[in-house]
Amino acid sequence: MSTLLSRAYLLRKMLGFGIVLAAIALVIQLLWQRVGLGGPAVNGALAGGLVAAAATALGTIPVLLSQRLSERTQDTLFGFGAGVMLAASAFSLVVPGIAAAQSQGAGPWQAGMTVGASILLGAALLLLLDRVLPHEHFIKGVEGPQALALRRAWLFVFAIALHNLPEGLAIGVAFAGTDPTSAGALATGIAIQDLPEGLVVAAALLAVGYSRLLSVGLGMASGLVEPVGAVFGAAVVSHSAALLPWGLGFAAGAMLFVISHEIIPESHRKGHEVYATGGLMVGFVIMMVLDTALG
């Protein structure tokens, strides 16, 4: 009987979370349209970012109803997310970035060097944020200045924000610089990746001692940085067409940094490298098919 009551309580909480998130998304969209901010690219980026945030929130819900994920499952999902982001970086950002540079008159070498330089700039910014902002990894623990003075929940929030910011930027830059179909494919792929990501984030928070509701709440909130990053990326690139190759490469570099610095190391520390690599391969192929078929 107590188990049934507990499940009913969790279902009510889950429904409440869903209603609140849907209401927030609806209010943001209505206000945005009401004040007439942005053009089609920025509005599309906002919609894509909100879809990604909703996918992250949806992915956390099983944590309300189920037991903790096994470490092997978590590592497999980490690998899946890394594969999706790798394919998105290559097919949705780097290749269109080189094409955009060439369409603006750059030769093959100049286009490649432009996008290459912007990739390094994106990675360098994420490295700077990684060094400056105190945050906590799921396995490595606390990093950053004065980290011990902050509550561990907020350290996780900083880490999650660092992880999701490049995804939001990528969505925004894609809507500003590529055709809507290709941008939609990228946003769809990131949303698919965000489903297991939200699950892994909430499960990892639960595993290190947070309450079930707080873990789910923080997991849901972690996706909110994506529409912010999407709008920012679209607004900057829409301001000047010359920034498009730089913006696409910058977003790719930021995503590649997160893949190499955060996701892959996290998925390989507990002896589940084969499962993590399998997840990466599957995620890469799914995103590649989405991008090439829809784009």
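An unreviewed UniProt entry lists the protein chain under the name ZIP family metal transporter, with Chitiniphilus shinanonensis as the source organism. Recorded in UniProt under Sequence similarities (unreviewed entry), the annotation for the protein chain is "Belongs to the ZIP transporter (TC 2.A.5) family." Recorded in UniProt under Subcellular location (unreviewed entry), the annotation for the protein chain is "Cell membrane".

Caption draft 1: How the structure looks around helix α9 (residues 225-239). If you check α9, its first and last C-alpha atoms are 21 Å apart, about what 15 residues at 1.5 Å a residue would give, namely 21 Å. Listed as buried for α9 are Glu226, Pro227, Gly229, Ala230, Val231, Gly233, Ala234 and Val237.

Caption draft 2: Looking closely at the packing of helix α2 (residues 40-60) against α9. Relative orientation of the contacting elements α2 and α9 amounts to 160°, with a least axis distance of 7 Å. By the criterion of interaxial angle, the relationship of α2 to α9 is roughly antiparallel. Relative to α9, α2 is oriented so that their crossing is right-handed. Along its contact with α2, which presents Ala41, Val42, Ala45, Leu46, Gly49, Leu50, Ala52, Ala53 and Thr56, the element α9 presents Glu226, Pro227, Ala230, Val231, Ala234, Ala235 and Ser238. A breakdown of the residues in the contact of α2 with α9 according to their chemical character gives 12 nonpolar, 3 polar and 1 charged.

Conventions used here
- Residues numbered from 1 in each chain as written.
- Predicted model: local features only at pLDDT ≥ 70, side-chain atom pairs only at ≥ 80, totals over all residues.
- Heavy atoms only, no water.
- UniProt positions renumbered as here; feature names shortened; annotations may be inferred.
- Helix = DSSP H or I, 4+ residues; strand = E, 2+ residues; numbered from the N terminus.
- Expected span 1.5 Å × (residues − 1).
- Buried < 20%, exposed > 50% of the residue type's maximum accessible area, 1.4 Å probe, protein only.
- Axes fitted to C-alpha atoms, helices over the stretch in contact; angles between N-to-C directions.
- Parallel < 35°, antiparallel > 145°, perpendicular 65-115°, else oblique.
- Left-handed = near helix turned anticlockwise from the far one by under 90°.
- Contact = heavy atoms within 4.5 Å.
- Nonpolar A, V, L, I, M, F, W, Y, C, P; charged D, E, K, R; others polar.

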